Amino acid sequence: MAFKFKEKNILEEIYKASYKFLSPQTPSETFATIVEEGMRLIGADQGSLFLVDKKQPKRIYSFPKELSFIKPRRVGPVFKALRMSRPLIYDFSKNDKIHPKLKGWGVKSVMYIPLIYQKEVIGVLSLLSTKKEKIQEDEVRIIMLFGSMASLAIKKTQLYQGISDELEKKRAFVSLDAHELRTPLTSINGYLQ
């Protein structure tokens, strides 16, 4: 009975997090929301969002900002999560294979969640904790469900941005075309008068 109650609370939390994606947001607002809500759902205190660009992960948002100065290594977990298309969990109390720059920050555990859209990995959400030594299995399931919604939000934002860019090009073309049409008409009108 208690487990169902806990499940209900989890679903409510995921619903609250994903509800924020329904309002119109800029790409940077969407990326910040994904990281912040992912951190809130599992109690992490740092996080990053990587999107695949030309088959390479590119960090597009991080909290705190200092995290953005750490470059993912080709043999590191970000690349591994992209290749394997499954979550990776690292407990650094038992494993000392941690990025050298993270050692001094007191990171105890990290979760890397691949963001998948139509069977294609489009990015990785990394969530770091300086408090938790071990990430629980139910937290992985929570963040995987959240990751599915985050993937949809990313695609929605990318599509919206693409449409906005195309509409701006269309407006510029119509404006230029209208100007070019006015110029010969003015000459013809002057000649006729």
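Residues numbered from 1 in each chain as written. Predicted model: local features only at pLDDT ≥ 70, side-chain atom pairs only at ≥ 80, totals over all residues. Heavy atoms only, no water.

Enquirer: Hey, could you run me through the overall build of the chain in this one?
Expert: Along its length, the chain carries 5 helices and 5 strands. N-terminal to C-terminal, the α/β element order of the chain is α-α-β-β-α-β-α-β-β-α. Relative to its full complement of 193 residues, the chain shows a buried share of 37%. Restricting to contacts in the chain with at least 6 residues of sequence separation, those with at least 24 account for 58%. If you sum the accessible surface of the chain, you get close to 12,500 Å²; carbon and sulfur atoms cover 60% of it. (Helix = DSSP H or I, 4+ residues; strand = E, 2+ residues; numbered from the N terminus. Buried < 20%, exposed > 50% of the residue type's maximum accessible area, 1.4 Å probe, protein only. Contact = heavy atoms within 4.5 Å. Areas by Shrake-Rupley, 256 points an atom, 1.4 Å probe, with all protein chains shown as cover.)

Enquirer: I keep staring at the pattern of salt bridges and nothing clicks. Help me out?
Expert: Opposite charge on two side chains allows them to pair when their charged atoms are near. In the structure shown here, the tally under the stated rule is 4 salt bridges. Arg 40 is the salt-bridge partner of Glu 37, the closest N and O atoms lying 2.8 Å from each other. Placement of the pair is Glu 37 and Arg 40 together in helix H2 (residues 27–42), with a separation of 3 residues, close to one helical turn. Taking the relative accessible area as the measure of exposure, Glu 37 reaches 6% and is therefore buried. Each of Lys 20, Glu 37 and Arg 40 takes part in one network of salt bridges that share partners. (Salt bridge = Lys/Arg side-chain N within 4 Å of Asp/Glu carboxyl O.)

Enquirer: Would you explain a nonpolar patch on the surface in this entry?
Expert: Together, Tyr 15, Tyr 19 and Leu 22 make up a nonpolar patch on the protein surface, roughly 400 Å² of accessible area in all. For Leu 22, the location among the structural elements is in the loop between helix H1 (2–19) and H2. Of the residues examined, Leu 22 reaches a relative accessible area of 65% and is grouped as exposed. (Patch = residues over 30% accessible without salt bridge, like charges linked within 9 Å, V, L, I, M, F, W, Y side chains within 5 Å.)

Enquirer: Explain the nonpolar core here, please?
Expert: In globular proteins that are soluble, nonpolar side chains generally tend to be buried together. Core analysis: the biggest nonpolar cluster contains 28 residues, and Ile 34, Leu 125, Ile 143, Phe 146 and Ile 154 have the highest contact counts within it. Among the secondary structure elements, those contributing two or more residues to this core are H1, H2, strand S1 (46–53), strand S4 (109–117), strand S5 (120–129) and helix H5 (137–192). By size, the runner-up hydrophobic cluster in this structure holds 16 residues, among which are Leu 67, Leu 82, Leu 88 and Val 124. (Core = buried A, V, L, I, M, F, W, Y, C linked by side-chain atoms within 4.5 Å.)

Enquirer: When you look at H2 in this model, what are you seeing that I'm missing?
Expert: Working note: α-helix, 3.6 residues per turn, so residues spaced by three or four point in the same direction. Its 16 residues give H2 an end-to-end C-alpha distance of 23 Å, which sits within 8% of 22 Å, the value for a rise of 1.5 Å per residue. Among the residues of H2, those classed as buried are Thr 30, Phe 31, Ala 32, Thr 33, Ile 34, Val 35, Glu 37, Gly 38, Met 39, Leu 41 and Ile 42. Taken from the residues just after H2, Gly 43 is the one with a positive phi, measuring 80°. (Expected span 1.5 Å × (residues − 1).)

Enquirer: Any chance you could explain a positive patch on the surface here in plain terms?
Expert: Together, Arg 74, Lys 80, Arg 83 and Arg 86 make up a positively charged patch on the protein surface. Along the polypeptide, Arg 86 turns up in the loop between helix H3 (77–84) and strand S3 (88–91). Using a relative accessible area of 41% as the deciding quantity, one classes Arg 86 as partly exposed. (Lys, Arg positive; Asp, Glu negative; His and termini not counted. Charge placed at Lys NZ, Arg CZ, Asp CG, Glu CD.)

Enquirer: Whenever I open this one, unusual backbone geometry confuses me. Can you help?
Expert: In terms of backbone geometry, most residues other than glycine have negative phi values and most peptide bonds are trans. Of note, the bond from Phe 63 into Pro 64 is cis; its omega dihedral lies within 30 degrees of zero at -5°. Here Pro 64 is to be found in the loop between strand S2 (56–63) and H3. At Gln 118, a position not held by glycine, the phi torsion is positive, near 50°. Residue position: Gln 118 is located in the loop between S4 and S5. On the basis of relative accessible area, Gln 118 is assigned to the exposed category, the value being 66%.

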